[in-house]
Amino acid sequence: MKKARKERSKLILVLGGAASGKSQAALDLAGPAGPKAFVATGQALDGEMKERIKRHQATRSADWETAEIPNDIAQWFSKSGHSYQTIVLDCLTLWLSNFKAKNVADLLILEATAVLLRTIRTTRARVVIVSNELGLGLVPATKAVRAFRDLAGRVNQQVAAEADEVYLTISGIPLRLK
């Protein structure tokens, strides 16, 4: 007698630089299945960010429910993730920035990432995570910014290792890496 395979999420990571088209690629890769949730980690802390959030919201159709979750994403997935067939999490880099603003240690952030990945896998949703690839540009001038870039790289590697598919978006074109 065959043992039934436990269903788990399909996890897709979309990487790219600033304004590379990664958010639109994530929406395209998410597919049409609903109900759909868009989990936003960005916070409207200034006028520029408020405008960015408005522009992003305008790109989504009305069938997307939005959850603004700056830090406790794993808790949201545990509580609400089972209600959706499709979830886009945008963006992992802002999530890291939110943690660093609260002086959370890198080790705790890496542990929180592992918890997030385990929690995502308990859902049956198609989950698309957006993150910035910060390692392709200039070497940051300050030690603090270099440390953040390195942390983002470690988190991206952690998520990519778990992901079923990984894309790098350049000039609006998603290239499948995995």
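Scoring rules and cut-offs
- Position labels on residues start from 1 in each chain and follow its written sequence.
- This being a predicted model, a pLDDT of at least 70 is required before a residue's local features are given, and a value of 80 or more before pairs of side-chain atoms are given or counted; all residues contribute to the totals for chains, interfaces and linings.
- The side-chain values count all of the structure's non-hydrogen atoms but skip hydrogen atoms and water molecules.
- Buried, partly exposed and exposed residues are distinguished by accessible area as a fraction of the type maximum, computed with a 1.4 Å probe on protein chains only: under 20%, between the cut-offs, and over 50%, respectively.
- A helix here means a DSSP run of H or I that spans at least four residues, while a strand means a run of E at least two residues long, and both kinds are numbered starting from the N terminus.
- Two strands qualify as a pair provided that DSSP identifies no fewer than 2 bridges between them.
- Interaxial angle, 0 to 180 degrees, is taken between N-to-C directions of lines fitted to C-alpha atoms, where a helix line uses only the stretch in contact.
- Roughly parallel here means an angle under 35 degrees, roughly antiparallel means over 145, roughly perpendicular means 65 to 115, and every remaining angle is called oblique.
- Here a crossing is called left-handed whenever its near helix is offset anticlockwise from the far helix by less than a right angle, and right-handed whenever the offset is clockwise.
- In what follows, residue pairs with any heavy atoms lying within 4.5 Å of each other are defined as contacts.
- Following the grouping adopted for this structure description, the nonpolar residues are Ala, Val, Leu, Ile, Met, Phe, Trp, Tyr, Cys and Pro, the charged ones are Asp, Glu, Lys and Arg, and the polar ones are all others, Gly among them.
- Polar contacts, as used here, are pairs of N or O atoms within 3.5 Å; protein pairs need one atom able to donate a hydrogen and one able to accept it. Residues neighboring in sequence count only if both atoms are side-chain atoms.
- Multiply 1.5 Å by the residue count of a helix minus one, and that product is the helix's expected span.
- Aromatic contacts are taken between Phe, Tyr and Trp rings whose centres are within 6.5 Å, Trp giving its six-membered ring; a plane angle under 30 degrees counts as stacked, one over 60 as edge-to-face, and the others as tilted.
- Per-residue confidence from the predictor is given as pLDDT, running between 0 and 100.

Please clarify how the pairing of strand S1 (residues 10-16) should be interpreted in this entry.
The two faces of the sheet receive side chains in turn, since in a regular strand these alternate between them. Extensive coverage of S1 is indicated by the burial of six of its seven residues. With seven bridges joining them, S1 and strand S5 (residues 126-132) adopt parallel strand pairing. Bridged to leucine 13 within S5 is isoleucine 129. Note: S1 against strand S6 (residues 165-170), five bridges, orientation parallel. Residue glycine 16 lies in a different strand from S6, and its bridge partner there is threonine 169.

How should the packing of helix H4 (residues 92-101) against helix H6 (residues 143-162) be read in this particular structure?
Working note: a packed helix pair is described by the angle between its axes plus the distance between those axes. Two elements in contact, H4 and H6, have axes whose closest approach is 10 Å; the angle formed by their N-to-C orientations is 130°. The orientation of H4 relative to H6 falls into the category oblique. For the crossing formed where H4 meets H6, the hand is right-handed. Contact residues: H4 offers Leu92, Thr93, Leu96, Ser97 and Lys100, while H6 offers Phe148, Leu151, Ala152, Val155, Asn156 and Val159. Each residue belonging to the contact of H4 with H6 can be placed in one class, and the counts come to seven nonpolar, three polar and one charged.

Sorry if this is basic, but what is going on with the side chain of glutamate 165 here?
Locating glutamate 165 in the fold gives a position in strand S6. Take glutamate 165: its relative accessible area is 8%, and that puts it in the buried class. Here the side chain of glutamate 165 touches tyrosine 167 through a polar contact of 2.8 Å, side chain to side chain. When sequence neighbours within four positions are dropped, the list of residues in contact with glutamate 165 reads Lys10, Leu11, Ile12, Leu13, Arg176 and Lys178.

Just checking my understanding: could you explain H6 for this structure?
The periodicity of an α-helix, 3.6 residues per turn, causes residues three or four positions apart to be oriented the same way. An ideal rise of 1.5 Å per residue puts 28 Å on 20 residues; H6 measures up with 29 Å between its terminal C-alpha atoms. Those residues of H6 lying buried are Arg149, Leu151, Ala152, Val155, Asn156, Val159 and Ala160. The elements touched by buried residues of H6 are S1, H4, helix H5 (106-121), S5 and S6.

Got a minute to help me understand the packing of aromatic side chains in this structure?
Both the distance between ring centres and the angle between the ring planes are used here to describe each pair of aromatic rings. As enumerated under the stated definition, the model contains four aromatic pairs in all. On the numbers, 6.4 Å between centres and 85° between planes, the contact of phenylalanine 38 with tryptophan 64 is edge-to-face. One end of the pair, phenylalanine 38, is in strand S2 (residues 36-40); the other, tryptophan 64, is in strand S3 (residues 64-68), with 26 residues separating them in the sequence. Classification of phenylalanine 38 by relative accessible area gives buried; the value is 4%. Summarising the aromatic geometry, the rings of tryptophan 95 and phenylalanine 99 are spaced 4.9 Å apart at their centres and angled 65° between planes, so their arrangement reads as edge-to-face. A residue pair is termed a helical-turn pair when its members lie 3 or 4 positions apart in one helix, as tryptophan 95 and phenylalanine 99 do in helix H4 at four residues. Comparing tryptophan 95 with phenylalanine 99 shows no difference in burial state: the two are buried. One aromatic cluster is present, formed by Trp76, Phe77 and Tyr84 through successive ring pairs.

Is there a simple way to think about the environment of arginine 121 in this case?
Within the element layout of this structure, arginine 121 appears in helix H5. Considering only alpha carbons, one finds arginine 121 and glutamine 43, 78 residues apart in sequence, at a separation of 26 Å. At a separation of 2.7 Å, a polar atom in the side chain of arginine 121 contacts the main-chain carbonyl oxygen of serine 9.

Which parts of the structure should I look at to understand the confidence of the model for the protein chain?
Parts of the prediction with low pLDDT should not have their coordinates interpreted in detail. Model confidence for the protein chain is summarised by a mean pLDDT of 90, while 93% of its residues fall at 70 or above. S6 holds the highest mean pLDDT among the elements of the protein chain, 98, whereas helix H2 (residues 47-58) holds the lowest, 71. Across residues 1-5, confidence stays below pLDDT 50; counting only partners more than four residues off in sequence or on other chains, it has zero contacts.

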